[in-house]
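# Remarks on the overall topology
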Amino acid sequence: MRTRTTTATTRLAAALTALLLLAGCSSSGGEPHGKGAAESTPAAAPARGGTGGYEGPRPQDQNLLAWTGDPNDAGHVTAQSAAGVGGRVTLVRIVLREQITWSNIWLGLAGIDPGAQLSNCYLGVYDEKGTLLSATADISPQLMTDAIAKPLPLAKPFTAAPGTYFIALLLNGNWATNALTLKSTGAGISVNAGLTPPRLRYSTVLTGQTSLPPTLNLSEQATSTINTGWASQWYAVS
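Residues numbered from 1 in each chain as written. Predicted model: local features only at pLDDT ≥ 70, side-chain atom pairs only at ≥ 80, totals over all residues. Heavy atoms only, no water.

Let us now look at the sheet that holds strand β7 (residues 132-135). Read across the sheet, five strands follow the order β7-β6-β9-β3-β12 without closing on themselves; strand pairing throughout is antiparallel. A strand with exactly one partner marks an edge of an open sheet, and here the two such strands are β7 and β12 (202-205). This sheet shows a mean twist of 30 degrees between the axes of neighbouring strands, independent of strand direction. Pairing of strand β3 (residues 89-96) with β12, which is carried by four bridges, proceeds in the antiparallel orientation. Looking across to β12, one finds that Val89 is bridged to Val205. (Pairing = 2+ DSSP bridges. Helix = DSSP H or I, 4+ residues; strand = E, 2+ residues; numbered from the N terminus. Axes fitted to C-alpha atoms, helices over the stretch in contact; angles between N-to-C directions.)

Below you can see the structure in the form of structure tokens.
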């Protein structure tokens, strides 16, 4: 009888051990407790950068690649006499955050002078070293019609890497002051706050030009004409 009791007790203990092991595997999803279970737990995904909130209008919202500012804010105009800006190269700095193919410069034309006599008017793009990368043909005809935002094609589209560029405007001819006007932010004399040449946001260089020169000395950027009201023109890129 003692032998049977001992055998039954042994079998019962083995059965209880098996049940405890089975319960442990079920609670850990098939893995025993310990190191193996910890390693099988998936790591939390890293949080995405940025705030995740509304970041405001972007050029891509309007099928553009870059701009000097949201055109919805370009409610003012810049106007200047032919004697004041004719023959000067006006520069507007634009910073690209990603590589693009630059094909057009969009100009916000706010008003026209039907009686103007324009010639040798151009838009172009300079890099931060002052090298002309591309320019339009004479845009005089486009400045005589349709006071809207309009794309003006570069003669040679180019690949623009992230960095600093300057959109150049050259006007020549005769027009009535406050008639031929461009869209702008209306920032006035404060447009270059905190900046010095050769990285001014709005500036002019040279006088007496009838075409955009192949190179510019950006250290010669001047603000005297800008500070009289010829400032903060709105441009975009496509």
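This brings us to the pattern of salt bridges. The final tally for this structure, using the stated rule, is one salt bridge. Notably, a salt bridge pairs Glu128 with Arg199, separated by 3.7 Å at the nearest N-O pair. Of this pair, Glu128 sits in the loop between β6 (122-127) and β7 while Arg199 sits in the loop between β11 (181-184) and β12; the two residues are 71 residues apart in sequence, bridging distant segments of the chain. Looking at Arg199, the relative accessible area reads 39%, which means it is partly exposed. (Salt bridge = Lys/Arg side-chain N within 4 Å of Asp/Glu carboxyl O. Buried < 20%, exposed > 50% of the residue type's maximum accessible area, 1.4 Å probe, protein only.)

With that settled, consider the confidence of the model for the protein chain. The predicted model of the protein chain averages 84 in pLDDT, with 78% of residues at 70 or higher. The low-confidence segment residues 1-9 (pLDDT under 50) makes zero contacts with residues lying over four places distant or belonging to another chain. The low-confidence segment residues 25-50 (pLDDT under 50) makes nine contacts with residues lying over four places distant or belonging to another chain. (pLDDT = per-residue confidence, 0-100. Contact = heavy atoms within 4.5 Å.)

With that settled, consider the environment of Val92. Within the secondary structure layout, Val92 lies in strand β3. Each C-alpha atom of the pair Val92 and Phe166 lies 5.3 Å from the other, and the pair is 74 residues apart in sequence. Dropping the residues within four chain positions of it, Val92 is found in contact with Thr68, Tyr165, Phe166, Ile167, Arg201, Tyr202, Gln233 and Tyr235.

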